[in-house]
Structure formats: C-alpha cells, structure tokens
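# Structure assessment
This is what each chain is made of:
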Amino acid sequence: MDTLILVLLLLLLSYRVFSPNSFSVPWFLAFICESWFTFTWIVILNAKWSPAVTITHPDRLLQRVPELPRVDLFVTTADPVLEPPIITANTVLSLLALDYPANKLACYVSDDGCSPLTFYALVVASKFAKLWVPFCKKYNVQVRAPFRYFSNVATTKSEDSPQFKQEWLRMKDMYNHLSQKIEDVTRKQIPLQLDGEFAVFSNTEQRNHPSIIKVILENKDVFSDGLPYLIYISREKKPCHPHNYKAGAMNVLTRVSGLMTNAPFMMNVDCDMVVNNPKFVLHAMCILMDSKSGKEVAFVQCFQQFYDGIKDDPFGNQWVAAYEYIIRGMAGLQGPYYGGTNTFHRRNVVYGLYPREIENGSKGKLGEKILMQQFGSSKEFVKSTALALEGKAYFPNDISPSNFIEAAIQVAGCGYEYGTLWGKKIGWLYGSISEDVPTGLNMQRRGWRSECCTPDPIPFTGCAPRGLLCTMIQQKRWASGLTVVFFGKHSPVMGMLFGKIQFRAGLSYFWLTNWGLRGLFEVCYVALPPYCIITNTSIFPKGPSLCIPITLFVIYNVHTLFEYLTIGLSIRHWWNNQRMSIITTTTAWFIGFLSAMLKLSGISDTVFEITEKKHPTSDADGNNADAGRFTFDESPVFVVGTTILLVHLTAMLISFLGLQPTHSGNGCGLGEFISSTYLVVCYWPYLKGLFARGKYGIPLSTMCKSAVFAFVFVHFCRRNVIS
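The present account deals with the structure reproduced in this document.

Here is what the cut-offs are and how they apply
- Residues numbered from 1 in each chain as written.
- Predicted model: local features only at pLDDT ≥ 70, side-chain atom pairs only at ≥ 80, totals over all residues.
- Heavy atoms only, no water.
- Helix = DSSP H or I, 4+ residues; strand = E, 2+ residues; numbered from the N terminus.
- Buried < 20%, exposed > 50% of the residue type's maximum accessible area, 1.4 Å probe, protein only.
- Contact = heavy atoms within 4.5 Å.
- Axes fitted to C-alpha atoms, helices over the stretch in contact; angles between N-to-C directions.
- Left-handed = near helix turned anticlockwise from the far one by under 90°.
- Nonpolar A, V, L, I, M, F, W, Y, C, P; charged D, E, K, R; others polar.
- Core = buried A, V, L, I, M, F, W, Y, C linked by side-chain atoms within 4.5 Å.
- Phe/Tyr/Trp six-rings, centres within 6.5 Å; stacked < 30°, edge-to-face > 60°.

A separate point is the environment of isoleucine 698. Position of isoleucine 698 among the secondary structure elements: in the loop between α25 (684–689) and α26 (700–722). Since its relative accessible area comes to 4%, isoleucine 698 is described here as buried. Expressed as a C-alpha distance, the spacing of isoleucine 698 and glutamate 634, which sit 64 residues apart in the sequence, is 8.0 Å. Leaving out residues up to four positions away in the same chain, isoleucine 698 has contacts with Phe632, Thr642, Tyr686, Gly689, Leu690 and Met703.

Have a look at this one:
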C-alpha cells in the first residue's frame with residue numbers, strides 16, 4: 001500500500017499540471033502543498049523500507065571480555081517545580097542498582113536549577129540506596145525505581161518466603177518515609193536549613209551562582225558489589241553569559257566526569273527515565289564492544305517508552321508506531337538519530353574523534369598546547385582528554401573523585417569554553433534548543449554509525465506528558481529547534497554534501513528536521529478549503545477525477561490503521577494519533593516554525609520551555625475519566641487551533657445559508673466540503689472547548705483573538721470575490 005499511496009499522490013500532482021481548468025492562486029498553492037506532501041511520503045518510505053533489529057547476548061559478552069569497561073551515567077534536571085526532586089531521586093536509585101560492577105559505574109546529576117531541594121533529595125536517597133541496592137540484587141528485582149516497584153507489586157505473594165516478605169515490608173516503609181521527607185521539604189511544609197553541606201546554596205539564584213560540585217557517594221574500597229559514585233553538579237551561571245540550555249549542561253557533565261572517572265563510555269538519561277531492565281548496560285556493551293562492527297558505532301539509542309502513558313494515547317505523544325516503523329527503519333541505514341536521552345556514547349567520539357583515528361590514536365598525540373586550544377585551559381582535563389583519545393581512559397582505582405573538586409569547579413565555570421571548540425565541533429553542539437539531533441548528525445557526518453538497543457524487557461520507561469498543554473510545549477520546542485537545524489550548518493543536507501552521511505540516511509533525517517516546514521504547508525493547505533467555500537471556487541477535481549483524492553484519503557487511512565492493528569494498538573489509539581497529527585502540525589509545529597524564523601532572522605531568540613513531569617499518584621494509571629480530556633489556556637498554540645476551527649465553521653455556515661457568490665467559473669464542490677468536515681471532526685475537542693468552562697474550556701481571551709483572526713480571513717476572502 002505504501003507504493004500505491006505514492007502512485008496516487010503522483011496522479012494527483014499530474015492532474016494539477018495537466019488539468020484543463022484555468023489557473024488560479026489557490027490551485028497553485030494546492031499543487032505546492034501536495035508536492036511537499038509527496039516529498040514527505042517519499043522520505044517516510046525511504047526510512048520504513050530498511051528496518052533493522054539488533055539482538056544482543058550479554059552472556060556471550062561476559063565470556064569474551066575479561067574486564068568490563070567503566071561507564072559514566074548522566075542525569076539532567078533543570079527545575080525542581082516542573083521536575084520534582086522525588087522523580088530525580090527515583091531515577092538515580094534505579095541507576096545505582098544496575099546489574100553491573102559498582103566500581104565500574106559513576107552517576108553524575110546535573111542540576112541546572114541549582115536547587116537545594118534536588119541536592120537534599122539526592123542526599124537522603126543515597127542513604128536509602130545502601131539498603132535498596134542490596135535488596136534489589138539479592139531478590140533480582142527487575143524494576144529498580146522504588147515508586148514503580150512498590151506501585152506494581154502491591155502485596156507480596158503467598159509463595160514468597162517469610163524473609164522476603166519481612167524485608168519487602170521494611171523496604172516499602174523506608175521508601176514511604178523517604179518519599180514523605182522529600183515531599184515535605186519540596187512543599188515547604190518543613191523548612192530546609194541551609195547550613196552545613198547545604199550552606200553553599202544560601203546565596204544562590206537559579207541564573208546567578210558559582211559552580212557547586214559535591215561527591216555524595218564514594219566507592220572508597222572499590223568493591224564491585226558496593227555502591228557506585230554519586231556526584232552532584234550545578235554549573236556556574238551568570239546573567240551575562242549564555243548557558244546553552246541542556247547542551248551546555250551535558251558538556252559540563254562530560255568535562256567533570258572526564259576529570260573524575262574518565263570512563264570510555266557515557267550514558268545520559270532525563271531525570272524521569274527510570275531503569276526498567278537492570279542489565280541494559282550489558283546489552284549496550286554487546287553493541288559497542290562487538291568484535292566485528294562495534295568500533296563503527298558512535299552511540300547506542302534506546303527507544304523512549306512510558307510507564308504512565310494514558311490509554312489509547314489521546315494526546316499523540318507516546319510515539320509507539322513511529323518507533324516501530326520509521327525509527328526502526330532508520331536503524332537499517334546509518335542508524336537512528338540521537339534522541340537526547342537513553343543513549344550510550346563513546347567518550348572519544350564526543351571529543352571529536354573520527355573512525356580512522358580510533359586505531360592509531362593520532363588525535364590524542366597532539367601537543368598539550370593544541371589540546372588546550374580545543375578543550376580548554378585546564379591541564380588536568382587536557383591530560384585526561386589525551387588518555388581518552390588514545391583509548392586509555394580507564395581511571396586508576398587509587399584516586400578518589402574528591403581529589404578533583406577544585407579542577408572540576410574550573411571546567412564547570414561559565415567562561416571556560418570561550419575560545420575552545422566546545423559546542424562547535426566538540427561535545428554537544430550549540431545553536432538549537434533541540435541539541436540532540438545536530439549532535440548526532442555531527443557524529444554521523446564524521447562517518448560514524450549508531451544502533452538501536454531494544455532488549456526485552458525495555459531498558460527505560462519515562463513520564464509521558466500528561467496533558468495537551470505539556471504536549472504542545474514539547475512539540476513546539478522540538479519543531480522550533482529542528483527547523484533551526486534544517487536551515488543551519490549541521491543540517492542533513494550539509495552532512496550529505498560535505499560529510500559522510502549516506503544519501504538515504506540523510507534523506508530519512510528530513511522526516512525529523514522538516515517538522516516546522518510541514519506545519520507551514522499544512523496550515524496553508526488547511527486554509528484552502530474554507531477559502532474556496534467562501535469564494536465559491538475549487539481546488540479539488542470534479543466528476544470522475546474526484547476519485548483520485550478520495551481514494552488517496554481512504555487508502556492512506558486504511559493503511560495506517562492496519563499498521564497500528566499489526567503492532568497490537570487499538571482503533572481508538574489510531575484515531576487519536578491521526579487527529580493529534582493534524583492538530584499538532586497545524587498549531588505547535590507551525591508556531592515552532594515561526595519561532596525558528598524569528599531566531600534565524602535575528603529578531604528574537606527562542607526560549608527553552610521545560611516539559612512538566614508529574615510524580616504518579618494512585619489514580620495516575622491513565623484510565624480515569626478525565627485523564628485524556630483536553631485542557632486549554634491562553635497559549636498562542638490554542639489561538640491558532642481555535643482560529644482554524646472558527647474559519648472552517650464560518651465557511652460551512654456561509655455554505656449552508658447560501659451566502660456564496662455566484663459566478664460562471666468553477667464553483668465549490670464536494671471535495672472542499674468533505675475536507676472542511678474532516679478538519680472540524682479532528683478539531684472536535686476544540687469545538688467542545690468553545691462551550692465548556694474552567695480548564696476544559698477555551699479562555700474568552702483566546703476565543704476573542706481567534707475570532708478577530710477568523711474575521712480578517714473571511715474579510716480577505718470576500719474582498720477577493722469583490723475584486
């Protein structure tokens with residue numbers, strides 16, 4: 001059916017070119033938009049036609065490798081309100097309990113909010129970890145985030161031993177006490193005293209504070225069955241210095257970890273991504289240390305999946321079908337894109353190494369002066385960098401991370417990167433709020449590959465955006481950042497022309513980086529049917545030729561429905577995703593495109609908006625009645641959506657009342673009316689929001705703004721008729 005849909009799209013374009021109808025501006029715009037949709041479908045087919053699955057065998061790895069390599073684990077958080085400390089604490093606890101030698105792991109937490117609440121949560125969680133980690137390993141617990149474990153296992157089974165039942169109840173009571181302590185401090189029911197080890201937070205502001213680095217846990221005896229290192233980092237910030245959002249935080253984590261532990265591999269997760277498979281590090285090492293193709297792989301990407309996803313995905317943010325078909329298809333080319341979380345990296349690749357240099361270590365043999373120009377002025381860090389580039393990144397067991405606190409504070413300073421290659425050619429790249437995609441593209445541009453890691457059970461589960469507003473904020477941020485990437489020097493086009501990105505791999509990236517452009521074309525296409533209804537003109541064929549777009553519409557929907565049913569999703573899930581695809585593209589992606597254009601033109605800069613994470617409660621299973629209801633506020637994304645709805649309703653009302661102009665030309669037909677009806681059905685939650693109250697109703701100010709825009713559109717249409 002994929003090919004049939006492409007054929008129908010080409011037939012529609014051919015009809016546009018060779019139609020005997022007289023030329024008109026709407027007809028031409030429809031041709032341009034449909035050409036873009038055809039190109040987008042070719043891009044999707046290109047990605048879908050080469051699916052790949054990587055199967056890993058950790059038992060074989062353990063037989064082949066005499067000693068497992070070190071891995072540095074990175075956790076990023078930026079706001080204690082939008083990202084509650086209890087969520088970060090659970091993520092850290094799940095990482096500390098991995099089935100991997102503890103003396104080979106170090107967990108670094110970057111707190112871009114410089115919050116004593118986050119530091120407090122980590123301190124008390126580290127004390128609980130001394131009992132929680134042995135419990136998990138003793139009883140082979142799979143889900144090692146306490147809140148997930150105790151919510152999934154409500155009671156102990158009758159066949160469990162009395163000793164396990166006793167320890168289980170004790171762990172549950174201790175976690176409840178821990179959780180309550182963190183929640184009380186977070187809600188300020190118990191004031192947090194900023195003294196002792198918390199005194200460094202006494203005179204700090206979120207955007208104005210010195211570097212704060214604390215070693216919370218140390219594996220002083222270097223035991224493989226102890227606890228990994230746990231280090232808290234809040235990089236220096238000053239109002240006059242750009243901090244480059246998450247990319248800046250990741251580069252600081254890379255430098256600080258390079259000083260303290262210098263593991264050859266690094267893994268980064270967002271603060272809500274808890275471990276679901278405690279052996280996932282071994283699975284990733286199977287790929288990175290593969291004797292045949294492992295040295296070609298720069299990073300290993302694990303899919304994002306969610307523990308609290310609402311049933312049938314009403315907001316279209318769970319990406320189940322996209323991972324199964326498109327991203328798994330990218331894995332069969334040069335590899336999947338870097339998703340910003342759940343990813344393993346080679347440190348030397350992050351440092352700018354090329355595949356040809358990994359054997360001879362030539363870059364590590366550069367002089368100290370050149371390395372300092374590229375990596376910064378810290379001699380200690382440059383020394384560790386040279387070791388990493390030469391493939392000698394193993395950290396001596398007799399040196400404690402605490403010995404490097406002073407040097408770590410230096411490399412975490414906000415002015416350390418000036419005059420270096422950080423954010424340009426080394427580390428996470430700057431210039432876009434979607435830092436992950438250009439960073440991954442830069443690696444593949446140098447000739448590296450990436451691979452998916454999909455063991456069973458899945459490695460991580462995270463917190464899905466719980467409402468429409470959170471989804472729209474996230475989608476707008478992605479569309480804005482990706483549009484900047486597409487028009488920038490790190491675009492897939494530049495990678496294909498001047499780098500080593502393969503043609504089909506670069507083409508597959510167009511599906512991702514063109515989200516903003518897709519929003520522009522879809523808004524234009526959505527505006528054409530009401531324009532034609534109001535002006536009594538047409539953009540769709542009439543008579544037998546109308547079968548082309550109707551057949552295309554029916555076959556596309558049947559095909560996508562079949563894809564969803566094939567992977568076990570429901571019809572409701574399919575419809576929710578189809579509806580949200582229209583809503584998201586014509587609102588959040590369109591606003592993201594406009595924001596990117598303002599940034600690229602130098603008029604204004606984009607703002608990084610953090611997606612809110614909510615700690616699950618007893619009713620957060622996604623099955624309660626209000627879980628999938630749309631909520632609205634005064635955000636511009638809702639102004640765009642409400643305007644589109646009002647324009648289509650007005651056009652249909654004009655048609656019903658017979659207020660269309662009459663002329664001898666090609667009048668409005670069935671195709672335009674079907675299109676408007678389908679748009680209204682997709683925007684049905686907005687239609688209900690026009691009459692609802694409270695958070696489920698569209699605010700009066702939003703409706704007024706939308707009414708003004710709709711009036712301007714209708715007035716424009718009527719003026720065109722008169723002229």
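We now examine the packing of helix α4 (residues 85–96) against helix α5 (residues 116–138). Where α4 meets α5, the closest approach of the two axes is 9 Å, and the angle between their N-to-C directions is 35 degrees. Helix-helix and strand crossings are classified by hand; for α4 and α5 the assignment is right-handed. Along the contact surface, α4 presents Pro85, Thr88, Ala89, Val92, Leu93 and Leu96, while α5 presents Leu117, Thr118, Ala121, Leu122, Ala125, Phe128, Ala129, Trp132 and Val133. When its residues are assigned to classes, the contact of α4 with α5 shows 13 nonpolar, 2 polar and no charged.

Next up on the list: the nonpolar core. Within soluble globular proteins, side chains that are nonpolar generally end up buried alongside one another. Counting 97 residues, the largest nonpolar core has Tyr337, Met472, Trp511 and Tyr686 as the members making the most contacts within it. The element contributing the most residues to this core is helix α20 (residues 515–535), with 11 residues. Leaving out residues up to four positions away in the same chain, methionine 472 has contacts with Met580, Ile583, Thr584, Thr587, Ala588, Val637, Phe638 and Tyr686. In terms of nonpolar packing, the next biggest core, distinct from the first, is built from 77 residues, Leu61, Ala121, Val123 and Val133 among them.

Let us look at the packing of aromatic side chains. Going through the model one piece at a time under the given rule, you end up with 55 aromatic pairs. On the basis of an interplanar angle of 70 degrees and a centroid distance of 5.1 Å, the ring pair of tyrosine 683 and tyrosine 686 is categorised as edge-to-face. By relative accessible area, tyrosine 683 is classed as buried at 1%. Look at tyrosine 686 and you get buried, because its relative accessible area is 0%.

The next point concerns helix α10 (residues 320–330). The element α10 is largely enclosed, with a buried count of 9 among its 11 residues. Where α10 is concerned, the buried positions are Ala321, Ala322, Tyr323, Tyr325, Ile326, Ile327, Arg328, Gly329 and Met330. As for α10, its buried residues are in contact with α2 (25–48), β9 (449–452), α19 (503–513) and α21 (547–566).

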